Amino acid sequence: MAQRVALSEGGNKKHSRVRVAVRLRPFLAQPDERDDGPCVRGLDSQNLEIINWRNATESVKYHFDAFYGEKTTQQEVFLSSVKPILPHVLNGQNASVFAYGPTGAGKTHTMLGSSEQLGVIPRAVREVFNLVNAKDANEGWDYKIGMSYLEIYNEKVLDLLSPNSQDLPIREDKDKNIFIPGLTHITISSFSDFDSHFVPASLNRTTASTKLNQRSSRSHAVLLIKVVRTWRALHHRQQTGKLYLIDLAGSEDNRRTGNQGIRLKESGAINLSLFTLSKVVDSLNSGTAIRVPYRDSKLTRLLQDSLGGSAHSVMIANIAPEYKYYFDTFSALNFAAKSKLIVNKPFTRETVAPPVLTVKRARETHEAQEAGTE
Ligand code: ADP
Ligand code: MG
């Protein structure tokens, strides 16, 4: 009986769509900057508006699964967007949580947070342990939790738990499960055990980043938490659930991609994975695609079994309210809104291409800012 129930859970073919949330961080004015006030604001728990620069009396409105305003706490983001998908991972299903958005908009704050304001990663890992510990032993399953941690930088897969490793290959087994041969996988027995591996690996990444010129904003940090359960009465019977927690590269690369021929190529090379992710999400969400282009980049290939299909996926698009982010915000919202369209076909959306002058000005401001910080 229990076996039959478990099988139907594991083989659930119901299509889970990508849930999309947008999080607006608080206004952070620099002392020497002209304070124009915010260019984007929340309307309610699902809607926001951004000023239309072509006509400042107009705004463009967007609708999402969730909108988190600047006062939203880390706890609220976790409870409403992430916690509900975690039980599936114990049932042999896959899940993924992404933080998307331009550099400076709050991706790392959302995923990692600080010791005072813990982000999605520490909360989710703690919750997975809580869920496993709360399981009734009489159910007949034994659970084992493990972790891997990698970075995708310039289409290279690098093991953050084994810092000297080379680019690793991505493979698919006969059951269409994606795996990386040679990737370090550590069994973890508690949250503090997790932390003892994760913290030094994250620090490694930060150190490497400063040496390699903004690398952290150009690479995807991918944490994998794997829950394997074994049926006690029949040891070869196992189910594996994978949870991917991802701090994506800054979407400003993608912004440059969309607008000019040469830049498009350049940016594609800098961050093919982010560009392909937008195509994959688009294609999953439109529901009409014949082929979802998972194989076109390392990130999407890695996530092939954990994004779309029967997987549970959440994207948190982080945006910033300052005018200098206008272009980045606009493109992040359009990226996120496309995935929303999949599921909400009756929803009509005003689309306004930002005027060329605005685009140029926003980009110049952004580039000046980047140059100033390097
Ligand atoms: P990203 O990882 O997208 O480049 P960060 O997470 O580093 O951006 O955020 C940029 C800055 O904004 C950091 O100083 C961060 O602490 C702050 N920040 C981001 N989101 C929030 C928030 N929701 N509340 C308060 N501060 C935030
Ligand atoms: Mg960051």
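Everything below is about the structure shown above.
Described below are features of the structure shown in this document.

Cut-offs applied
Note on numbering: residues in each chain are counted from 1, in written sequence order. To label them, take the chains in the order written and letter them from A, then take the ligands in the order written and number them from 1. Two thresholds apply to this predicted model, a pLDDT of at least 70 for residue-level local features and 80 or more for giving and counting side-chain atom pairs, whereas whole-chain, interface and lining totals are computed over all residues. In computing side-chain properties, one takes all heavy atoms of the structure into account and sets aside hydrogens as well as water. Runs of E in the DSSP output that reach at least two residues are strands. Runs of H or I that reach at least four are helices, and both are numbered from the N terminus. The rule is simple: take the accessible area with a 1.4 Å probe, protein chains only, and divide by the maximum for that residue type; under 20% is buried, over 50% is exposed, in between is partly exposed. The criterion used for residue contact is that any of the two residues' heavy atoms lie within 4.5 Å. Residue exposure ignores everything except the shown protein chains as possible cover, and the areas themselves are Shrake-Rupley values with a 1.4 Å probe. For two strands to count as paired, DSSP must find a minimum of two bridges between them. The aromatic pairing rule takes the rings of Phe, Tyr and Trp, using the six-membered ring of Trp, and pairs them if the centres are within 6.5 Å, calling planes under 30 degrees apart stacked, those over 60 edge-to-face and the rest tilted. Comment: the charge-over-ring label is applied if NZ (Lys) or CZ (Arg) is within 6 Å of the ring centre and within 35 degrees of the ring normal. Think of the arc as the fan of directions from the helix axis to the C-beta atoms. The criterion for a residue being near a molecule or strand is simple. One of its heavy atoms has to lie within 4 Å of it. Think of a polar contact as two N or O atoms within 3.5 Å of one another; within protein, one of them needs to be a possible hydrogen donor and the other a possible acceptor, and neighboring residues in sequence only count if both atoms come from side chains. Note that Gly is not counted as nonpolar here; it falls among the polar residues with everything else outside the nonpolar set of Ala, Val, Leu, Ile, Met, Phe, Trp, Tyr, Cys and Pro and the charged set of Asp, Glu, Lys and Arg. Multiplying 1.5 Å by the residue count of a helix minus one yields the expected span of that helix.

## A look at the overall build of the protein chain
Alright, step 1. In terms of regular secondary structure, the protein chain is built from 13 helices and 14 strands.
Alright, step 2. In the protein chain, which comprises 374 residues, the share counted as buried stands at 51%.
Alright, step 3. Put simply, 69% of the contacts in the protein chain that link residues at least 6 apart link residues at least 24 apart.
Alright, step 4. Only carbon and sulfur atoms are counted for the fraction: they give 53% of the accessible area of the protein chain, which is about 17500 Å².

## Regarding the pairing of strand β8 (residues 156–159)
Alright, step 1. In terms of strand pairing, strand β7 (residues 141–153) meets β8 through four bridges, oriented antiparallel. Counterpart to I152 in the pairing with β8 is V157.
Alright, step 2. The turn joining β7 and β8, which pair antiparallel and follow one another in sequence, is formed by two residues; a positive phi near 50° is taken by N154.

## Some details on the packing of aromatic side chains
Alright, step 1. Considering all chains together, one arrives at seven aromatic pairs under this definition.
Alright, step 2. Each ring, one from Y62 and one from F64, has its centre 6.0 Å from the other, and the planes form 10°; the classification is stacked.
Alright, step 3. Note on Y62: relative accessible area 1%, which makes it buried.
Alright, step 4. On the basis of relative accessibility, which here comes to 0%, the residue F64 falls in the buried class.
Alright, step 5. Considering the side-chain rings of Y100 and F335, the 3.9 Å spacing of their centres and the 15° angle between planes classify their relative orientation as stacked. Residue Y100 is found in strand β6 (residues 95–100), and its partner F335 is found in helix α12 (residues 326–343); the two are separated by 235 residues along the sequence. No difference in accessibility class separates Y100 from F335, as the two residues are buried.
Alright, step 6. Through a chain of ring-to-ring contacts, the aromatic side chains of Y149, F191, F194 and F198 assemble into a single cluster.
Alright, step 7. Positioned over the ring face of F191 is R126, at 4.1 Å from the centre of the ring.

## Observations regarding helix α2 (residues 74–82)
Alright, step 1. Buried residues of α2: Q74, V77, F78, S81 and V82, and no others. Down the axis, α2 shows its buried residues gathered within 100° of arc, on one side only.

## Quick look at the site of ligand 1
Alright, step 1. Every residue lining ligand 1 is accounted for by R23, R25, P26, L28, P102, T103, G104, A105, G106, K107, T108 and H109.
Alright, step 2. Interatomic distance of 3.0 Å between a backbone N/O atom of G106 and an oxygen atom of ligand 1.
Alright, step 3. Within the backbone of K107, a nitrogen or oxygen atom sits 2.8 Å from an oxygen atom of ligand 1.
Alright, step 4. Here ligand 1 has 550 Å² of accessible area as a free molecule, and 67% of this is covered by the chains.
Alright, step 5. The element best represented in the shell around ligand 1 is helix α4 (residues 107–111), accounting for three residues.
Alright, step 6. Here the residues of the shell around ligand 1 sort into four nonpolar, five polar and three charged.

## Notes on helix α10 (residues 272–286)
Alright, step 1. With 15 residues, α10 should reach 21 Å at 1.5 Å per residue; the first-to-last C-alpha distance of 21 Å fits that figure.
Alright, step 2. Buried residues of α10: S273, L274, T276, L277, S278, V280, V281, S283, L284 and N285, and no others.
Alright, step 3. Directly after α10, the chain includes G287, whose backbone phi takes a positive value near 70°.

## Side note on the environment of K83
Alright, step 1. Along the chain, K83 turns up in the loop between α2 and α3 (86–90).
Alright, step 2. Measuring from C-alpha to C-alpha, the distance between K83 and A124 comes to 6.9 Å, with 41 residues separating the pair along the chain.
Alright, step 3. Residues in contact with K83, not counting those within four places in the same chain, are F78 and E127.

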